[in-house]
Amino acid sequence: MNGSGSVVVTGGAGFIGSHVASLLQQRDRQPIVLDNLQSGNPSNLQRDVPLIVDDAGRIDAWPTAARNASAIVHLAAMPAVQDTVERPLESHTANFVLTQHLVEAARRYGIPRIVYASTAAVYGNTGQAEQHEDDATDPLTPYAIDKHAGERYLRFAAEQYGLETVTLRFFNVYGPRQNPSSPYSGVLTQFSSRLIRNQPIVIYGDGQQTRDFVYVGDVAQVVVDAATQASRWPAGPINVGTGTSVDLLQVVGVFSDLLGRAPQVQHEPARTGDVRDSKANVDRLHAAWGNTPQTSLRDGLHALIDWMQTPAQG
Ligand code: UD1
């Protein structure tokens, strides 16, 4: 199915979703953004992107959104791991039950395809240098448990209802438009936001935890291809990372280079449920997409810092 219909983007006014919506437009595919604006912001969107302000789980929101839609990109979520540790019931609703509602909407309105944003957090601590999609999963937090359940539910929906599904396991996505004022935003947003104000950054634990940081522009390309070029994408989970990882102390080094000064660092105890090492095996992504994310950490951080310094963010 390489249809030319519109693409419903849940969470499309948010960080990753707004990049997906822009790219769909650039590729002459109509995005329809469905977002309750709890964490999303309309200012992330170009003016001519249709925005339905509603909860993606409310079935009444769908008749308008679903008209002529050939795919749903499901990005609406409660994405901050520590937030879900504090508010596990809200995580269950936002990160799992919502996915069930989407499957119902797809069935009811005949939308054939769902691209689902899962997470590398489903692996937990594998003890391995890199994570492969066939590795055993060990989700350690409400966020990871609910996202994992969503993966399984989509597998059920594919088998039972014949929906086409693509499950993407995002590693640590970073870049412009992640909310700099949220305490739950990712580490690179936290670091950038503090450093441009000359404030010290905080490292939880020893700073030797590793992450596979993948630039949001690259992620948007993967998502849009998965939504619009169905045939090449397998239903099983696909890692979306770069295939390389760095530890936080190395990240501090890149910031030092970019800013021309050494950041001040405070150390605090490691966080509950924090994964130690995370790096994507990207063979399956390469087979499906024909490429792997290419933006270097240095270039991506440069773009992030630039965006943060634009007047609208200050
Ligand atoms: C992140 C994503 C999550 C995604 C997962 C996939 C965010 C907010 N969370 O979780 O949605 O599914 O990757 O791997 O983007 N840290 C500090 N100082 C800070 C902030 C964080 O030292 O100021 C540390 C954390 O303790 C952790 C690491 O940096 O060890 C990364 O944390 P964070 O960016 O919050 O992301 P993850 O927990 O990896």
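Bear in mind that the values here come from a model prediction, so they are computed numbers and not experimental data. (Residues numbered from 1 in each chain as written. Predicted model: local features only at pLDDT ≥ 70, side-chain atom pairs only at ≥ 80, totals over all residues. Heavy atoms only, no water.)

Participant: Tell me about the overall build of the chain, and name the residues and values.
Facilitator: Check the secondary structure of the chain and you find 10 helices and 13 strands. Computed over its C-alpha atoms, the radius of gyration of the chain comes to 19 Å, within 12% of the 20 Å expected for a compact globule of 314 residues. Taking the principal axes of the C-alpha coordinates as reference, the chain spans close to 55 × 45 × 40 Å. With 314 residues in all, the chain has 52% of them scored as buried. When the 24 basic and 31 acidic side-chain charges of the chain are each reduced to a single mean position, those positions are 4 Å apart. (Helix = DSSP H or I, 4+ residues; strand = E, 2+ residues; numbered from the N terminus. Rg over C-alpha atoms; globule rule 2.2 N^0.38 Å. Buried < 20%, exposed > 50% of the residue type's maximum accessible area, 1.4 Å probe, protein only. Lys, Arg positive; Asp, Glu negative; His and termini not counted. Charge placed at Lys NZ, Arg CZ, Asp CG, Glu CD.)

Participant: Describe the pairing of strand β6 (residues 164–170), and please don't skip the residues or the numbers.
Facilitator: In terms of burial, β6 is largely enclosed, as 6 of its 7 residues are buried. For strand β5 (residues 113–119) and β6, the ladder comprises 7 bridges, and the chain directions are parallel. The partner of Y116 across the bridge, within β6, is T167. Chirality of the crossover, the property in question, places the unit of β5, helix α5 (residues 142–161) and β6 among those that are right-handed. (Pairing = 2+ DSSP bridges. Right-handed = clockwise from strand over helix to strand, strands pointing away.)

Participant: I'd like to hear about the sheet that holds strand β4 (residues 69–74), residue by residue, with values.
Facilitator: Taking strand neighbours across the sheet as the criterion, the 7 strands line up as β3-β2-β1-β4-β5-β6-β11 in an open arrangement whose pairing is parallel. One side of each edge strand has no neighbouring strand; the edge strands of this open sheet are β3 (51–53) and β11 (237–240). When the angles between neighbouring strand axes are averaged without regard to direction, this sheet yields 20°. (Axes fitted to C-alpha atoms, helices over the stretch in contact; angles between N-to-C directions.)

Participant: Tell me about the site of the ligand, and name the residues and values.
Facilitator: Not every one of the 23 residues close to the ligand is listed here, only the nearest: T119, V187, V202, R211 and D274. Within the side chain of T119, one N or O atom sits 2.5 Å away from an oxygen atom of the ligand. With respect to the ligand, the side chain of Y143 contributes an N or O atom lying 2.9 Å from an oxygen atom. In isolation the ligand exposes 730 Å². Once the protein is present, 90% of that is buried. Those elements that provide at least two residues to the shell around the ligand are α6 (187–195) and β8 (201–204). Partitioning the shell around the ligand into residue classes produces 13 nonpolar, 7 polar and 3 charged. (Near = heavy atom within 4 Å. Polar contact = N/O pair within 3.5 Å; in protein donor to acceptor, adjacent residues only side chain to side chain. Areas by Shrake-Rupley, 256 points an atom, 1.4 Å probe, with all protein chains shown as cover. Nonpolar A, V, L, I, M, F, W, Y, C, P; charged D, E, K, R; others polar.)

Participant: I'd like a description of helix α4 (residues 88–109), backed by residues and values.
Facilitator: If you check α4, its first and last C-alpha atoms are 31 Å apart, about what 22 residues at 1.5 Å a residue would give, namely 32 Å. Within α4, the axis deviates most sharply at V97, by approximately 35°. Taken as a whole, α4 has its buried residues at S91, N95, F96, L98, T99, L102, V103, A105 and A106. Buried residues along α4 sit against β1 (6–10), α2 (62–66), β4, α3 (81–86), β5 and α5. Positive phi shows up at G110, right after α4, with a value of about 65°. (Expected span 1.5 Å × (residues − 1). Bend = angle between axes of the 7 residues up to and from the residue. Contact = heavy atoms within 4.5 Å.)

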